[in-house]
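Descriptive structure summary
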Amino acid sequence: MKAGKRKNIEKLKKAALGMITCDLTITNVNLFNVITDEIYPCEVDICDGYIVNVRSFSNTRKANTKKYYDGRGRYLLPGLIDCHVHVESTMMTPENLSRAIVPYGTTTIITDPHEIANVMGIEGVKYMIDNSKNSKLRQFVLAPSCVAATENLEKAGAFFTSKEIEEMLQMDGVIGLAEVMDYIGVINHSKRMSSIVDQAINKEKYIQGHCPFVSGDNLAAYLIGGPVSCHESSTRDEVLEKIRNGMHINLRSSSLDDSSINIAQAINQINDHQFVSICTDDIHAKDILTDGHINGVIKRYIKSGLKGRDLYKMATINAAREYGFSDIGIIAPGYLADMQLINDFDGSCPEAVFISGQLVAEKGKYLLSDEKVSQYQLRNTVCVDQIKSEDDFLMRVPDGYNKDAISVNVVVKTSDRLWRTVEKMDLPVKNGCVDISGDPSLIYVCNCNRYGYNNKTIAIYKDFGLNSGALASTVAHDSHNMNICYHNPKQAFLACEKLKQCGGGVCVVDDEGSCDIIKLPIAGLMSELDCKSISQEIEKVQQKLSKLTDGSVHVLSTAVMSLTVLPSVVISDMGLVDGNKQAFVDIFVND
């Protein structure tokens with residue numbers, strides 16, 4: 001598969017032979033050859049956006065070129081490739097994301113727009129593809145495979161079948177099937193998932209995986225089903241088993257999760273890392289501004305014990321090979337001139353970044369003068385007409401119940417990362433509603449459908465970390481219904497109303513009713529602001545949130561509360577869901 005457009009082979013040959021003038025020669029560099037793991041001095045000639053010659057100093061021919069760029073002895077290596085990212089999670093549009101991450105050395109991303117697909121269906125996917133064309137960054141799209149994430153456990157804004165997958169796989173820039181999260185459906189050969197995966201198999205397209213804690217016979221069945229990768233592994237043994245079974249492992253360190261220490265232990269245990277690449281998955285704008293992009297993930301894995309040069313190979317040649325790209329990820333004749341100059345293999349910001357041989361960033365600054373393209377208006381997707389007053393956030397007991405206490409399945413933490421289970425608790429009943437005012441460790445959580453369905457679920461969570469006030473968000477994977485965490489229905493209703501008015505986002509309300517909002521009017525997921533501006537909104541909301549919590553809660557803490565394919569108890573608009581069993585869990589327990 002080619003990342004670039006059809007090249008003029010005859011012209012490139014003549015440029016390689018010095019018969020015609022090249023556009024640019026990058027001189028005085030030490031090439032990091034990701035094929036051989038060597039470093040040696042050279043010059044690189046570029047014509048029509050392609051590398052036409054990599055000349056060592058033993059080649060005495062003088063470059064025939066229009067322009068030189070002096071690398072000043074720095075290391076030259078390919079641009080970085082993010083092998084799995086949800087652009088929507090950055091809270092930026094594709095074009096604004098490009099301007100934010102190119103200066104960090106990222107020149108290609110493979111995106112899964114299943115966040116906006118869950119909200120707006122194919123209309124949202126088309127928006128992301130169209131907007132990405134305003135970007136210098138190479139952006140390739142995978143067709144979202146699980147919209148909604150599960151078939152009967154939630155109501156999202158769209159529902160994809162094999163028909164929609166077939167349509168998307170024919171779109172320009174769509175190169176495969178995105179993370180197949182319904183691993184239970186794949187393993188058990190469900191009709192829906194089999195028909196979806198078959199669309200990619202029949203077209204010989206890449207199939208991205210997602211299978212946390214899947215092992216043994218189930219892992220074998222999942223791999224036979226078609227998916228080839230996983231970015232959800234979190235333990236040493238899990239990583240080893242998957243690689244040993246031929247699965248590509250994507251090292252991840254996102255705004256939601258960081259298991260770098262455990263994963264690094266597994267990677268250090270194997271000698272060959274060809275099946276390891278790097279992704280960001282879910283990373284918001286402020287973390288990009290503060291820590292960088294793929295280079296930031298590299299820094300974290302260096303701290304966890306991996307070698308810098310190995311990590312740069314994972315983020316270049318390994319990622320390109322995982323997807324079958326034959327013209328990126330390597331600096332060699334015939335490859336696209338997507339490159340970066342670095343001072344050291346430590347994840348620091350590059351000194352210079354080139355895409356198609358054009359200098360696009362230098363010393364951390366985006367250099368191009370391309371203007372932001374005005375967005376066409378997307379409809380307000382926050383339709384929560386079932387919420388009419390603060391009384392709608394009361395947790396009412398079943399009709400006819402007249403006792404002073406009731407047994408409730410409370411959602412509690414487990415020892416595994418983000419995952420939760422349920423624990424039976426007897427809680428007071430006051431005026432026909434469950435009363436948690438006597439236990440500060442408890443909060444109410446409401447998941448409210450925002451697509452016109454009259455659905456909402458109210459449950460109780462223990463040790464979430466919100467001491468007062470309310471936190472509401474329309475960023476709630478993957479259905480992106482509205483999640484509201486609260487103690488008092490008054491603050492919950494205010495937060496809900498604020499998000500309804502602005503078209504979605506993240507809202508924090510304190511006990512006095514003061515609100516701060518990250519406004520995300522594009523599908524309730526993205527802003528039109530640039531990275532710095534949206535980061536300022538994120539920082540302001542996080543500061544208010546920090547005053548209301550024990551320090552463990554951040555602006556995306558509700559983001560995976562509703563992901564019905566997690567091996568965890570989650571909340572959807574239709575009830576509490578056991579992700580392992582793919583079944584509902586009773587909120588009220590019969591004595």
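So, a few notes on the structure that sits alongside this text. These numbers were taken from a predicted model, which means no experiment stands behind them.

**Quick word on the nonpolar core**
- The biggest cluster of nonpolar side chains holds 95 residues, and the ones touching the most others in it are Ile288, Phe393, Leu427, Ile460, Ile484, Tyr486 and Ile518.
- With 47 residues, the next largest nonpolar core counts Leu240, Ile267, Ile294 and Tyr335 among its residues.

**Observations regarding helix α8 (residues 216-224)**
- All buried positions along α8 are accounted for by Leu219, Tyr222 and Leu223. With its buried residues spanning 95 degrees around the axis, α8 presents them on a single face. In α8, those exposed residues whose orientation departs by more than 90 degrees from the buried face are Asp217 and Ile224.
- Downstream of α8 by a residue or two, Gly226 has a phi angle that is positive, lying close to 130 degrees.

**Regarding the sheet that holds strand β9 (residues 174-180)**
- The parallel open sheet is built from five strands, whose spatial order is β6-β7-β8-β9-β10. What marks the edges here is a single partner per strand, and that holds for β6 (80-85) and β10 (206-209). Adjacent strand axes in the sheet meet at a mean angle of 30 degrees, parallel and antiparallel pairs treated alike.
- Sheet topology note: the strand β8 (residues 138-143)/β9 ladder contains three bridges and is parallel. Within the sheet, the bridge partner assigned to Leu142 lies in β9 and is Gly176.
- This element, helix α13 (residues 308-323), spans β6, β7 (106-111), β8, β9 and β10 of the sheet and lies at about 60 degrees to β6.

**Some words on the sheet that holds strand β12 (residues 248-252)**
- Within the open sheet, the three strands sit side by side as β11-β12-β13. Their pairing is parallel. Of all strands in the sheet, those with a lone pairing partner are β11 (229-230) and β13 (276-279), marking the two edges.
- Summarising the sheet, β11 and β12 pair through two bridges and their orientation is parallel. Residue pairing across strands places Ser229 opposite His248, the latter belonging to β12.
- Those strands touched by helix α12 (residues 294-303) are β12 and β13, and its axis lies near 120 degrees from that of β13.

**Here we look at the environment of Asn30**
- Here Asn30 shows up in strand β1 (residues 24-33).
- For the pair Asn30 and Ile458, spaced 428 residues apart in sequence, the C-alpha separation works out to 60 Å.
- When neighbours within four sequence positions are excluded, Asn30 is seen to be in contact with Ile39, Tyr40, Pro41, Gly73, Arg74, Tyr75 and Leu76.

**What about the pattern of salt bridges?**
- Counting across every chain of the model gives 22 salt bridges.
- Among the ionic pairs, Lys313 bridges to Asp37, the shortest N-O distance being 3.6 Å. Placement of the pair is Lys313 in helix α13 and Asp37 in the loop between β1 and β2 (38-47), with a sequence separation of 276 residues.
- The exposure class of Asp37 is partly exposed, given its relative accessible area of 30%.

**Some remarks on the layout of surface pockets**
- As a volume, the largest pocket reaches approximately 650 Å³.
- In terms of lining residues, the largest pocket is bounded by 23 residues, among which Ala3, Lys5, Arg138, Gln139 and Phe140 are the most central.
- Residue assignment for the lining of the largest pocket shows that the elements contributing at least two residues are α4 (122-132) and β8.
- Among the residues making up the lining of the largest pocket, the classes are represented as 10 nonpolar, six polar and seven charged.

**Examining the environment of Phe493**
- Along the chain, Phe493 falls in helix α14 (residues 489-502).
- When its relative accessible area of 19% is taken as the criterion, Phe493 is described as buried.
- Put simply, Phe493 and Ile387 are 106 residues apart on the chain and 7.9 Å apart in space, counted from C-alpha to C-alpha.
- For Phe493, the residues in contact, after removing those within four places along its chain, are Ile387, Lys388, Ser389, Glu390 and Phe393.

**A look at the packing of helix α5 (residues 162-169) against helix α7 (residues 191-202)**
- Close contact between α5 and α7 brings their axes to 8 Å; oriented N to C, the two are set at 20 degrees. As judged from the angle between their axes, α5 and α7 are roughly parallel. Viewed along their axes, α5 and α7 form a crossing whose handedness is right-handed. In this structure, α5 contributes Ser162, Ile165, Glu166 and Leu169 to the contact, and α7 contributes Ser195, Ile196, Gln199 and Ala200.
- Among the residues making up the contact of α5 with α7, the classes are represented as four nonpolar, three polar and one charged.

Procedures and definitions
- Residues numbered from 1 in each chain as written.
- Predicted model: local features only at pLDDT ≥ 70, side-chain atom pairs only at ≥ 80, totals over all residues.
- Heavy atoms only, no water.
- Core = buried A, V, L, I, M, F, W, Y, C linked by side-chain atoms within 4.5 Å.
- Buried < 20%, exposed > 50% of the residue type's maximum accessible area, 1.4 Å probe, protein only.
- Helix = DSSP H or I, 4+ residues; strand = E, 2+ residues; numbered from the N terminus.
- Arc of directions from axis to C-beta.
- Pairing = 2+ DSSP bridges.
- Axes fitted to C-alpha atoms, helices over the stretch in contact; angles between N-to-C directions.
- Contact = heavy atoms within 4.5 Å.
- Salt bridge = Lys/Arg side-chain N within 4 Å of Asp/Glu carboxyl O.
- 1 Å grid on protein atoms, 1.4 Å probe; cavity = no way out; pocket = protein on both sides within 12 Å on 5 of 7 lines; lining within 4 Å.
- Points joined across faces, edges and corners; volume = space filled by probe spheres on them.
- Nonpolar A, V, L, I, M, F, W, Y, C, P; charged D, E, K, R; others polar.
- Parallel < 35°, antiparallel > 145°, perpendicular 65-115°, else oblique.
- Left-handed = near helix turned anticlockwise from the far one by under 90°.

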